[in-house]
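# Structure at a glance
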Amino acid sequence: MNFSTRSILTITLFVFSHFHCFSQKKEATDRKIYEYLDQYSPESSEMLRLLYSLPSKYELNGVTMNLTKEQSPSSWVSDHSEKGILKRLNTVVHESMHGLTSRLPYTLLQEQGDVYYNFKDDYSAFYVNKDSSFLVKHSPVFSSNEISNEIPKALRTFRFRPYIAPRNKILGSQAHGIYGLTDEWNAYYFGTKTAFNLFDYYKSKSDQNYEVYLEYVSNIAGTYYAYYEFKYFILKYLEYAKSNEKEVYDGIISNYEFRKAFTSIDDRFADLLREFGERLDEIATITEQNTGSRAYIEDGYYFINGNGIGLFTEEVEMLKAELEKPNLKALELALRVK
């Protein structure tokens, strides 16, 4: 064997070994993700298992579709330590929900035997739990980027980019209009709910250091206020449609399954935010009773022992005030199902 051949063989073995180790690490991380979710957030675990049980080939009304394989849960994790995995579970569930929202409709349509399915139709399945989802056929839409000038600069909060601007023809939140915005809203709900459900894990670590609760709060604080952002975007979209795209507006308002999905997400996300506020009070009580240290909210931060996590209070209060304005309140009531 000459030098060149030996070199190629060595490189090949190195590359194979590297990818084999990387694959083993991802498989181990996948197992840990399921372990944590099974223990602390079973509803999230059920969702993931449903997603990965779905077929990749469908036949509907004579049309055969072959879907690409879903990325594994560990694809959204870069730090494979326990702390790193726990920190990313919010994102894992969020991104997986997008996959389920786009894939589950084909299973539901197949179960219904929908002979009226057309290859040009777009659908979303807004998941509630393993036994319930809203199958929504998209009515005509315009790009969500069209509303960018309708949103004052002061209200262009963190998620204005990239979900509304700059213009992106393939980003779901823009390309699928109000249905893409609602997909993001639902994904943020489930990701945030997962982070919220991890309380018992952090509580089990608190005897070592009560500031570990700041990690817990941080994992929720980064996404909980997406409730207000996307509700605002959705209602601004509807407002713009009513004034400028009457056919789009009428299609949305007459889409009863979508209105039910909107109402369901709105109610569940609002309940989660109320529970988050109660959880902050609970952490303060536990901390003070067991250590004598104060846990409190001040200037938009949640403090324990002098260390704080931002709660984005300024953005929340601005958006809450906008959502209470008569024009958006009227649109919300028109969209909700009683």
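In this text the structure is predicted, and so the values were computed from the model without any measurement. (Residues numbered from 1 in each chain as written. Predicted model: local features only at pLDDT ≥ 70, side-chain atom pairs only at ≥ 80, totals over all residues. Heavy atoms only, no water.)

## Some details on the packing of helix α3 (residues 82-112) against helix α8 (residues 212-224)
Remark: α3 packs on α8, axes separated minimally by 9 Å, with the N-to-C direction vectors making an angle of 30°. The angle between α3 and α8 falls in the class roughly parallel. For the element pair α3 and α8, the recorded crossing hand is right-handed. Contacts between α3 and α8 pair K83, L86, K87 and N90 from the former with E215, N219 and T223 from the latter. (Axes fitted to C-alpha atoms, helices over the stretch in contact; angles between N-to-C directions. Helix = DSSP H or I, 4+ residues; strand = E, 2+ residues; numbered from the N terminus. Parallel < 35°, antiparallel > 145°, perpendicular 65-115°, else oblique. Left-handed = near helix turned anticlockwise from the far one by under 90°. Contact = heavy atoms within 4.5 Å.)

## Quick word on unusual backbone geometry
As a rule of thumb, non-glycine residues mostly have phi less than zero, and peptide bonds are mostly trans rather than cis. Look at the link from R161 to P162: it is a cis peptide, with omega at 10°. Summarising the element assignment, P162 is placed in helix α4 (residues 160-163). Across the junction of A165 and P166, the peptide omega takes the value 0°, indicating a cis bond. With respect to the element layout, P166 can be found in the loop between α4 and α5 (172-175). Of note in the backbone geometry, N305 takes a positive phi value of approximately 55° without being a glycine. The phi torsion at F312 lies on the positive side, around 55°, for a residue other than glycine. Positionally, F312 belongs in the loop between β7 (307-310) and α12 (313-323).

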